[in-house]
Amino acid sequence: MRKITIDGVGYYVSCMLLFHVVYALRILEDGFRMPASANEWLFWIDAATLAIVCCMIVLGVFFAFLILKRDDSVESPNTSGRKVTITDLEDLTGENYFANYSVLVLTALSLPTSGHFYGLGIYLFLFVTLGIVYIKKSMIYMNPLLTLMNYSIYRCKDENTGEVYVFVVQGETLREAETITFQNTSRKVIRLKKGRRVSPGQ
């Protein structure tokens, strides 16, 4: 189980980007109404909910840019870096994506859009609890943005050390017993861009 880190938060916020877009559109369509002056404070509660959701959209775009920009690939197998020989390979994208992301979409469609304190409280509760589960369980494969950008997510062990890694690979397929060379980093989530993955002997 992972600790909650800035990197994990970034993945989660970017994962929830489409969720927040859908919820913001629903608030604007269904729940964002100027009330009578006697209930003006209720309007500002709903406005605060919309403002928080819009901030999450901006942060989602920001973190998505950082995620897509980072590349842990190396240019040559002879480059000094870390090598992992793959064993116990799992394709997380194919096995888990649709089932888990459908939960997020249905949640966005079912959240109250004008519940005032109730709506804001439900939204914050779900956002925080989903985030804790997402980060601690390393549920990076739930990120629809990565799928749309042709990334596949794999979980595997290093045959030599037994350490567990998650590889986010663009446009390529990992194979059992393949050796991957990447930058020397302590991170366990490794991003490799299309055409830059290096495996000695290929």
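Overview of the structure. (Residues numbered from 1 in each chain as written. Predicted model: local features only at pLDDT ≥ 70, side-chain atom pairs only at ≥ 80, totals over all residues. Heavy atoms only, no water.)

**Considering helix H5 (residues 117-136)**
Part 1 of the reasoning: Its 20 residues give H5 an end-to-end C-alpha distance of 28 Å, which sits within 8% of 28 Å, the value for a rise of 1.5 Å per residue.
Part 2 of the reasoning: Turning to H5, its buried residues number three or more, namely Gly119, Leu120, Tyr123, Phe127, Gly131, Tyr134 and Ile135. Along the axis of H5, the buried positions cluster into a sector of 100°, meaning they face one direction only. For H5, the exposed residues lying more than 90 degrees away from the buried face are Phe117, Tyr118 and Phe125.
Part 3 of the reasoning: Looking at the residues trailing H5, positive phi occurs at serine 138, about 55°. (Helix = DSSP H or I, 4+ residues; strand = E, 2+ residues; numbered from the N terminus. Expected span 1.5 Å × (residues − 1). Buried < 20%, exposed > 50% of the residue type's maximum accessible area, 1.4 Å probe, protein only. Arc of directions from axis to C-beta.)

**Regarding the packing of aromatic side chains**
Within a pair of aromatic rings, the relevant descriptors are the distance that separates the centres and the angle that separates the planes.
Part 1 of the reasoning: What the rule picks out here adds up to nine aromatic pairs.
Part 2 of the reasoning: These aromatic residues form a ring-pair network of at least three members: Tyr12, Phe19, Tyr23, Tyr123, Phe127 and Tyr134. (Phe/Tyr/Trp six-rings, centres within 6.5 Å; stacked < 30°, edge-to-face > 60°.)

**Some points on the pairing of strand E2 (residues 151-158)**
Part 1 of the reasoning: Across the eight residues of E2, six count as buried, placing the element largely inside the fold.
Part 2 of the reasoning: With four bridges joining them, strand E1 (residues 82-91) and E2 adopt antiparallel strand pairing. Pairing of threonine 87 across the sheet is with lysine 157, part of E2.
Part 3 of the reasoning: In the sheet, E2 pairs with strand E3 (residues 164-170) via seven bridges, with the strands oriented antiparallel. Its bridge partner being in E3, tyrosine 154 is matched across the sheet by phenylalanine 167.
Part 4 of the reasoning: Connecting the antiparallel pair E2 and E3 is a turn made up of five residues, with glycine 162 showing a positive phi of about 80°. (Pairing = 2+ DSSP bridges.)

**Concerning a nonpolar patch on the surface**
Part 1 of the reasoning: A contiguous nonpolar patch, built from Leu59, Phe62, Phe65 and Leu66 and spanning about 370 Å² of accessible area, is present on the exposed surface.
Part 2 of the reasoning: Assessed through its relative accessible area of 52%, phenylalanine 65 is described here as exposed. (Patch = residues over 30% accessible without salt bridge, like charges linked within 9 Å, V, L, I, M, F, W, Y side chains within 5 Å. Areas by Shrake-Rupley, 256 points an atom, 1.4 Å probe, with all protein chains shown as cover. Salt bridge = Lys/Arg side-chain N within 4 Å of Asp/Glu carboxyl O.)

**Considering the side chain of aspartate 72**
Part 1 of the reasoning: Within the secondary structure layout, aspartate 72 lies in the loop between helix H3 (40-69) and E1.
Part 2 of the reasoning: Setting aside its immediate chain neighbours within four residues, aspartate 72 contacts Phe182, Gln183, Arg187, Val189, Ile190, Arg191 and Leu192. (Contact = heavy atoms within 4.5 Å.)

**Quick look at the environment of arginine 70**
Part 1 of the reasoning: Structurally, arginine 70 can be placed in the loop between H3 and E1.
Part 2 of the reasoning: The exposure class of arginine 70 is buried, given its relative accessible area of 19%.
Part 3 of the reasoning: Residues arginine 70 and leucine 192 lie 122 residues apart in sequence; the distance between their C-alpha atoms is 8.4 Å.
Part 4 of the reasoning: Apart from the residues lying within four places of it in its own chain, the contact partners of arginine 70 are Asp7, Tyr11, Arg187, Val189, Arg191 and Lys193.

**Considerations on the pairing of E1**
Part 1 of the reasoning: As paired strands, E1 and strand E4 (residues 179-182) are joined by four bridges and run antiparallel to one another. Its bridge partner being in E4, valine 84 is matched across the sheet by isoleucine 180.

**A word on the nonpolar core**
Part 1 of the reasoning: In terms of nonpolar packing, the biggest core is built from 31 residues, with Tyr11, Tyr123, Tyr134, Ile140, Leu146 and Val168 touching the most fellow members.
Part 2 of the reasoning: Elements represented by at least two residues in this core include exactly helix H1 (6-15), helix H2 (17-31), H3, helix H4 (92-110), H5, E2 and E3.
Part 3 of the reasoning: The contact partners of tyrosine 123, leaving out residues within four places of it in the chain, are Phe19, His20, Tyr23, Ile52, Val53, Met56 and Leu111.
Part 4 of the reasoning: Counting twelve residues, the second largest nonpolar core, distinct from the first, contains Val84, Cys156, Phe167 and Val169. (Core = buried A, V, L, I, M, F, W, Y, C linked by side-chain atoms within 4.5 Å.)

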